[in-house]
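The residues making up each chain are set out below.
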Amino acid sequence: MKIENTSDLRVLVQTARAGTLTAAAHALGITPAAASATLKRLETQLGARLFERSTRAMRLTPQGQTLLDYAVRAFELLAEGESLVTADRGELVGTLRVAAPSDLTRSTLLPWFDEFLALHTGVQLSLSVGDRPLDVMRDEVDVALRYGALADSRLVARPFAMTNPLLTASPDYLRRHPAPKVPQDLVHHNCLIFNRGGRLHRVWRFAQNGQWTEVRVDGNRSVDDASLAREWAVAGYGVTLKSALDVRGDIEAGRLVHLMTDWETEPYPLHALLPSRLLKYFTQASPLGGSGALSLQTHETLCDARR
């Protein structure tokens, strides 16, 4: 038997994203009973179990995973077709779904979003802010800005900016502790450690005259929220190694001091990750002042034409 109502697939997709029927139903604006009935109807029509059910969560079966992959692709193609149709009107409409790191959003991106929305009043911005990597193929995201290298070959990565981490601490911290001059001095400092992808970033690398050296740092605070790590540094709790984009405002305002300025750090690229279907909506530009960065073309849109 074939699927009779393709909109039922939205329940499948949302349940996989949310992990529970209750959360999926809430996101879709239906009751949990209706969501459950929809999944049972799909399973009956296909003659296959799509989820393994438990009291805590819903886990996709191999058959459910296969159907999910195709459903996501189908909805993406539909959204693209709707966007192409509405693009003929010469205006941007719909929802633009962006995921971005916490500090970068607050320090740099918010004014851009404000300007973009003022120019395109038909666009609604759905912004997900945080340092947990999102699955661009599965989560409700059109574009994800992410530091580091691309891990998913199904996605297209385009350089947004090339930056280097800066070693910083607050004036208050430096009044109580001598400023580090060389990397090994950091073993005597309280270093604020960032938890990146479930791994503590304890090994910091520096170079001088082309020679690289590593130092294993330690401290009494670690966090997976880059914005909080910066706030701790500003408050005088320790030394941090963070993207120049995140701390430049604090340095200019005197809230943080750039340390070991005669030492280099490893380049830390910022990429825009997006499904390949959206690549044509991007063009090479320089929104952060660096060559090869990305910006949205103002005459085209990444928005879903959902109204």
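These figures come from a predicted structure and were not determined experimentally.

Of the regular secondary structure elements, the protein holds 8 helices and 18 strands. The buried share of the protein, taken over its 307 residues, is 44%. Counting only contacts in the protein whose residues sit at least 6 apart along the sequence, the fraction spanning at least 24 positions is 70%. Put simply, the protein shows about 16,100 Å² of open surface, and 51% of that area lies on carbon and sulfur atoms.

Moving on to helix α7 (residues 226–234). Those residues of α7 lying buried are Ala-226, Ser-227, Ala-229, Arg-230, Trp-232 and Ala-233. In this structure, the buried side of α7 is in contact with α5 (102–119), β8 (192–196), β12 (221–223), β13 (240–243) and α8 (244–253). The backbone nitrogen of Ser-227 lies 2.9 Å from a side-chain oxygen of the residue at the head of α7, namely Asp-225. Backbone geometry just downstream of α7 places Gly-236 in the positive-phi region, at approximately 90 degrees.

Right, let's get into the nonpolar core. Side chains of a nonpolar character, in soluble globular proteins, are inclined to be buried together. Ranked by size, the top nonpolar core spans 18 residues in total, and within it Leu-9, Leu-12, Leu-39 and Phe-51 carry the most contacts. Counting residues per element, the ones that place at least two in this core are α1 (8–18), α2 (21–28), α3 (32–46), β2 (58–60) and α4 (62–87). Take this core: its biggest share by element is 5 residues, from α4. The next biggest cluster of nonpolar side chains, apart from the first, holds 17 residues, and it includes Phe-113, Phe-116, Val-143 and Phe-160.

As a further point, take the pattern of salt bridges. According to the stated counting rule, one finds 12 salt bridges in the structure shown. In this structure, Glu-43 and Arg-53 form a salt bridge, with 3.3 Å as the shortest nitrogen-oxygen distance. Taken together, the residues Glu-43 in helix α3 and Arg-53 in strand β1 (residues 51–53) connect sequence positions 10 residues apart. Its relative accessible area of 34% is what places Arg-53 among the partly exposed residues. With a shortest N-O distance of 2.6 Å, Asp-250 and Arg-255 are connected by a salt bridge.

The next point concerns the side chain of Thr-105. Note on placement: Thr-105 falls in helix α5. Given a relative accessible area of 2%, Thr-105 falls into the buried group. Residues in contact with Thr-105, not counting those within four places in the same chain, are Ala-100, Leu-110, Leu-127 and Val-129.

Another aspect to go through is the sheet that holds strand β14 (residues 257–258). Strands sit in the order β13-β7-β14 across an open sheet of 3 strands; the sheet is antiparallel. Either end of the sheet is taken by a strand with one partner, and the two such strands are β13 and β14. Sheet topology places strand β7 (residues 165–169) next to β13; 4 bridges connect them, and they run antiparallel. Its bridge partner being in β13, Thr-168 is matched across the sheet by Thr-240.

Turning next to the packing of α5 against α7. Closest axis-to-axis distance for the α5/α7 pair is 6 Å, and the angle between their directions is 70 degrees. When the axes of α5 and α7 are compared, the pair comes out roughly perpendicular. Residues Ser-102, Asp-103 and Arg-106 of α5 form the contact with α7, whose participating residues are Ala-226, Ser-227 and Arg-230. Its residues assigned to classes, the contact of α5 with α7 comprises 1 nonpolar, 2 polar and 3 charged.

The subject of this paragraph is the packing of aromatic side chains. The geometry of an aromatic ring pair is captured by two quantities: the separation of the ring centres and the angle between the planes. Tallied over the entire structure, the rule returns 0 aromatic pairs. One residue, Arg-10, lies across the ring of Phe-75, its end atom 4.0 Å from the ring centre. Above the face of the Trp-232 ring, Arg-221 is positioned so that its terminal group lies 5.0 Å from the ring centre.

Attention shifts here to the sheet that holds β12. The mixed open sheet is built from 3 strands, whose spatial order is β9-β8-β12. With partners counted over all chains shown, the strands left at the sheet margins are β9 (199–200) and β12, one partner each. Together, β8 and β12 form the strand contacts of α7, whose direction differs from that of β12 by roughly 150 degrees.

In this section: the confidence of the model for the protein. Summary statistics for the protein give a mean pLDDT of 80 and a share of 79% for residues scoring 70 or more. Averaged over each element, pLDDT in the protein is lowest for strand β18 (residues 293–296) (36) and highest for β14 (98). For the stretch residues 282–307, pLDDT sits under 50, and the model shows 84 contacts to residues farther than four places along the chain or on other chains.

Reading guide: rules and limits
- Residues numbered from 1 in each chain as written.
- Predicted model: local features only at pLDDT ≥ 70, side-chain atom pairs only at ≥ 80, totals over all residues.
- Heavy atoms only, no water.
- Helix = DSSP H or I, 4+ residues; strand = E, 2+ residues; numbered from the N terminus.
- Buried < 20%, exposed > 50% of the residue type's maximum accessible area, 1.4 Å probe, protein only.
- Contact = heavy atoms within 4.5 Å.
- Areas by Shrake-Rupley, 256 points an atom, 1.4 Å probe, with all protein chains shown as cover.
- Polar contact = N/O pair within 3.5 Å; in protein donor to acceptor, adjacent residues only side chain to side chain.
- Core = buried A, V, L, I, M, F, W, Y, C linked by side-chain atoms within 4.5 Å.
- Salt bridge = Lys/Arg side-chain N within 4 Å of Asp/Glu carboxyl O.
- Pairing = 2+ DSSP bridges.
- Axes fitted to C-alpha atoms, helices over the stretch in contact; angles between N-to-C directions.
- Parallel < 35°, antiparallel > 145°, perpendicular 65-115°, else oblique.
- Nonpolar A, V, L, I, M, F, W, Y, C, P; charged D, E, K, R; others polar.
- Phe/Tyr/Trp six-rings, centres within 6.5 Å; stacked < 30°, edge-to-face > 60°.
- Lys NZ or Arg CZ within 6 Å of the ring centre and 35° of its normal.
- pLDDT = per-residue confidence, 0-100.

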